[in-house]
Amino acid sequence: MTCQDAQALLRTLSCGEATAADRTALAAHAAGCSACRQRWHSEEAWLALVAQRRPAPVSDAALAQARQALHRALAAEPAPSVRRGWRWPAFSARALRAHRTPRWSPAWAALLLIAGFGGGWWAHHAPSLAAGSPAPAAAQVRVQSVEPASAPGQVRVVYDLVRQQQISGPATNPRLRHLLLLAASQPANAGMQLESIAALRPAASQNPVRQTLLAALTGDPNPGVRLEALNALRPLVTANAGVRAVLAQVVLRDPNPGLRMQAVAALAQAPRADAGRWLRRLSVQSSDPYVRLNCVAAMQQLDLAPPAAAWGAFTAQPAPASGIQHQ
Amino acid sequence: MDSTSAQDTDAARLRADTTALIRAAQAGDPAAFEALVCQFDRGVLQLARRLAATEQDAQEIYQETFLKAYRALHRFRFECAFSTWLYRIAANTNLDYLRRRAVRKELPASACGEDGAAPLPDPADRAPGANPEQLLLSGEIAARLEAALDGLNPRERLVFELKHYEGMKLKAIGDILATSEETAKNSLFRATRKLRAALADLHAAAPALASLRPEPGTMPEEV
Ligand SMILES: [Zn+2]
């Protein structure tokens, strides 16, 4: 290899596109050429410097937040252009809120999900239906308005045409899974959320399911839904430090006292050292004396000494609640 | 079946699933669009977070990217990979953001409408398990690097990010930017030259840096 060839390889290296074979060839040349060796080392040092910048990977919580915001934005979007002749509205939140469903048993929820709940499966037709056309079946129609038309003696009816679909299968089916995830994050229908979370529970450790459960636990307005999400996440407490960190936030911030206690109990199931760390911190930082008491009791059950500050804290003001770190 | 052919089969299945989802979304199925979003959005958010000044900006870039994709989906004709098409939208959205920011940076800070959005946490805060001295040093280096990256023009910045932090091939970067591999390479060289000049002092002391290269698996567990 000539020095010129080595230069070309160094440029490839600088572009981050050198193969193992390129590096071997460079090393062989550099062993006998001090000028190229120096350039090579300089190039490798540069790449090492570039690698010093490594932002943390996107957290599930940040992704869940982005998805929820997008979901809301899409609901406000007009229907997109559609390649086939007919139009659908995007994520019709209004339609979803209007929709009421009977409560299902969890087993039934796992087997059958009416797709109409999932994402606004409404045909937002404003078709000019000639009066002579056959009328759609009553169950498919929701009348929105009735008003006099411009010509005397005529009337105009604006209606939504409901197109309900259904899909059956195991909750592991990706399409059903996706619909269940959507249904679990629709605060308009708590009963449906509970059934969906129950159906998703066996898959709680999987990424999109975990994200949805964490989002429900920290953001759903209904405490029952938050509790169901907490229970579904409970088996992950031993292995997943992220789940423990979110539970600690629940202990500090959830407005529902029962849920705060449940989160303390769940944290106590963590590996002993970790449980001790969280309980110690929460026993001082929580503004809720019952939470602090519960933390101390849980620590005693684990044979861990509570911090001295916790004893005095049951009646006094808590330590400032800032500075809790994700572990 | 060996692992390579198993991977090939998985890849083929994923492609088939993606194609079916795109067709369903184009026909107006919103759940299919959301399923598509879930397939690609982590990368889109990651890129935005690398380029944006604040988490809030990153979230806005993410949202704008997918809203544009949603509005333009009917124009997708399967002439390139869906990921390329989507990343092209993401790249343009990020470029627009960087251009706007470049303009704002020329205004005095008081005119920028500082909204108090929290800056992204320092990466050095987020690598538990590393030696504290190394963290301090690498945190300082990362901050210098960040400042130097801010000095690049938007296109150079984007190419550098896609190459060194997203690990994309120059050919793919060229596709995303609707240009040639050669042009992408030139942007990368210009970016590298500027950065090396800005960081010359660090680079002179750099041989020791090789020992600071991140070990795989030292990143914090995802929440
Ligand atoms: Zn040489």
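Remember, it's a predicted structure, so these values are computed and weren't measured experimentally.

**Observations regarding the overall build of chain B**
Turning to step 1, where the next piece is worked out: A count of helical and extended segments in chain B gives nine helices and zero strands.
Turning to step 2, where the next piece is worked out: Across the 223 residues in chain B, those meeting the buried criterion constitute 46%.
Turning to step 3, where the next piece is worked out: Accessible area for chain B stands at about 11100 Å²; split by element, carbon and sulfur atoms hold 54% of it.

**A short note on the nonpolar core**
Turning to step 1, where the next piece is worked out: Residues Trp 46 of chain A together with Leu 158, Phe 160, Ile 173 and Leu 177 of chain B are the most contacted members of the largest nonpolar core, which totals 47 residues.
Turning to step 2, where the next piece is worked out: Setting aside chain neighbours within four positions, we find Phe 160 of chain B in contact with Trp 46 and Val 50 of chain A together with Leu 149, Tyr 165, Leu 188, Ala 191, Thr 192 and Leu 195 of chain B.
Turning to step 3, where the next piece is worked out: Listed in part, the 45 residues of the second largest apolar core include Leu 214, Ala 232, Val 264 and Ala 266 of chain A.

**With respect to the coordination of the zinc ion**
Residue and element names in this part refer to chain A.
Turning to step 1, where the next piece is worked out: The zinc ion binds to the protein through Cys 3 (SG), His 29 (NE2), Cys 33 (SG) and Cys 36 (SG); the donor distances cover 2.1 to 2.4 Å.
Turning to step 2, where the next piece is worked out: Here the zinc ion is ringed by four donor atoms whose angles at the metal span 99 to 118°, and the overall shape comes out tetrahedral.
Turning to step 3, where the next piece is worked out: Mapped onto the sequence, the donors of the zinc ion take the spacing C-x25-H-x3-C-x2-C. Like Cys 36, His 29 is buried.

**Here we look at the packing of helix α9 (residues 207-219) of chain A against helix α11 (residues 241-253) of chain A**
Residues and elements named next belong to chain A.
Turning to step 1, where the next piece is worked out: Across the interface, α9 lies against α11 with an axial gap of 10 Å and an inter-helix angle of 10°. Regarding the angle of α9 to α11, the classification is roughly parallel. Of the residues in α11, those in contact with Arg 210, Leu 214, Leu 217 and Thr 218 of α9 are Val 243, Val 246, Leu 247 and Val 250.
Turning to step 2, where the next piece is worked out: For the contact of α9 with α11, the class distribution of residues is six nonpolar, one polar and one charged.

**Here's the deal with helix α14 (residues 289-301) of chain A**
Residues and elements named next belong to chain A.
Turning to step 1, where the next piece is worked out: Here α14 spans 18 Å end to end across 13 residues, near enough to the 18 Å set by a 1.5 Å rise per residue.
Turning to step 2, where the next piece is worked out: Among the residues of α14, Val 291, Arg 292, Cys 295, Val 296, Ala 298 and Met 299 are the ones counted as buried. Each buried residue of α14 lies within a common arc of 160° when the element is viewed along its axis, so the set occupies one face. Away from its buried face, by an angle of more than 90 degrees, α14 presents the exposed residues Tyr 290 and Gln 301.
Turning to step 3, where the next piece is worked out: Between a side-chain oxygen at the N-terminus of α14 and the backbone nitrogen of Tyr 290 the separation is 2.8 Å; the capping residue is Asp 288.
Turning to step 4, where the next piece is worked out: Phi for Asp 303, located one or two positions after α14, is positive at around 60°.

**Some remarks on unusual backbone geometry**
Turning to step 1, where the next piece is worked out: In the Ramachandran plot, Asp 303 of chain A falls in the positive-phi region, its phi being about 60° despite a non-glycine side chain.
Turning to step 2, where the next piece is worked out: Here Asp 303 of chain A falls in the exposed class, since its relative accessible area comes to 68%.
Turning to step 3, where the next piece is worked out: The phi torsion at Ala 178 of chain B lies on the positive side, around 55°, for a residue other than glycine.

Conventions used here
- Residues numbered from 1 in each chain as written.
- Chains lettered and ligands numbered in written order.
- Predicted model: local features only at pLDDT ≥ 70, side-chain atom pairs only at ≥ 80, totals over all residues.
- Heavy atoms only, no water.
- Helix = DSSP H or I, 4+ residues; strand = E, 2+ residues; numbered from the N terminus.
- Buried < 20%, exposed > 50% of the residue type's maximum accessible area, 1.4 Å probe, protein only.
- Areas by Shrake-Rupley, 256 points an atom, 1.4 Å probe, with all protein chains shown as cover.
- Core = buried A, V, L, I, M, F, W, Y, C linked by side-chain atoms within 4.5 Å.
- Contact = heavy atoms within 4.5 Å.
- Donors = N, O, S within 2.8 Å, 3.2 Å for Na, K, Ca; no water.
- Tetrahedral: all angles 85-135°; square planar, octahedral: opposite > 155°, others 65-115°.
- Axes fitted to C-alpha atoms, helices over the stretch in contact; angles between N-to-C directions.
- Parallel < 35°, antiparallel > 145°, perpendicular 65-115°, else oblique.
- Nonpolar A, V, L, I, M, F, W, Y, C, P; charged D, E, K, R; others polar.
- Expected span 1.5 Å × (residues − 1).
- Arc of directions from axis to C-beta.
- Polar contact = N/O pair within 3.5 Å; in protein donor to acceptor, adjacent residues only side chain to side chain.

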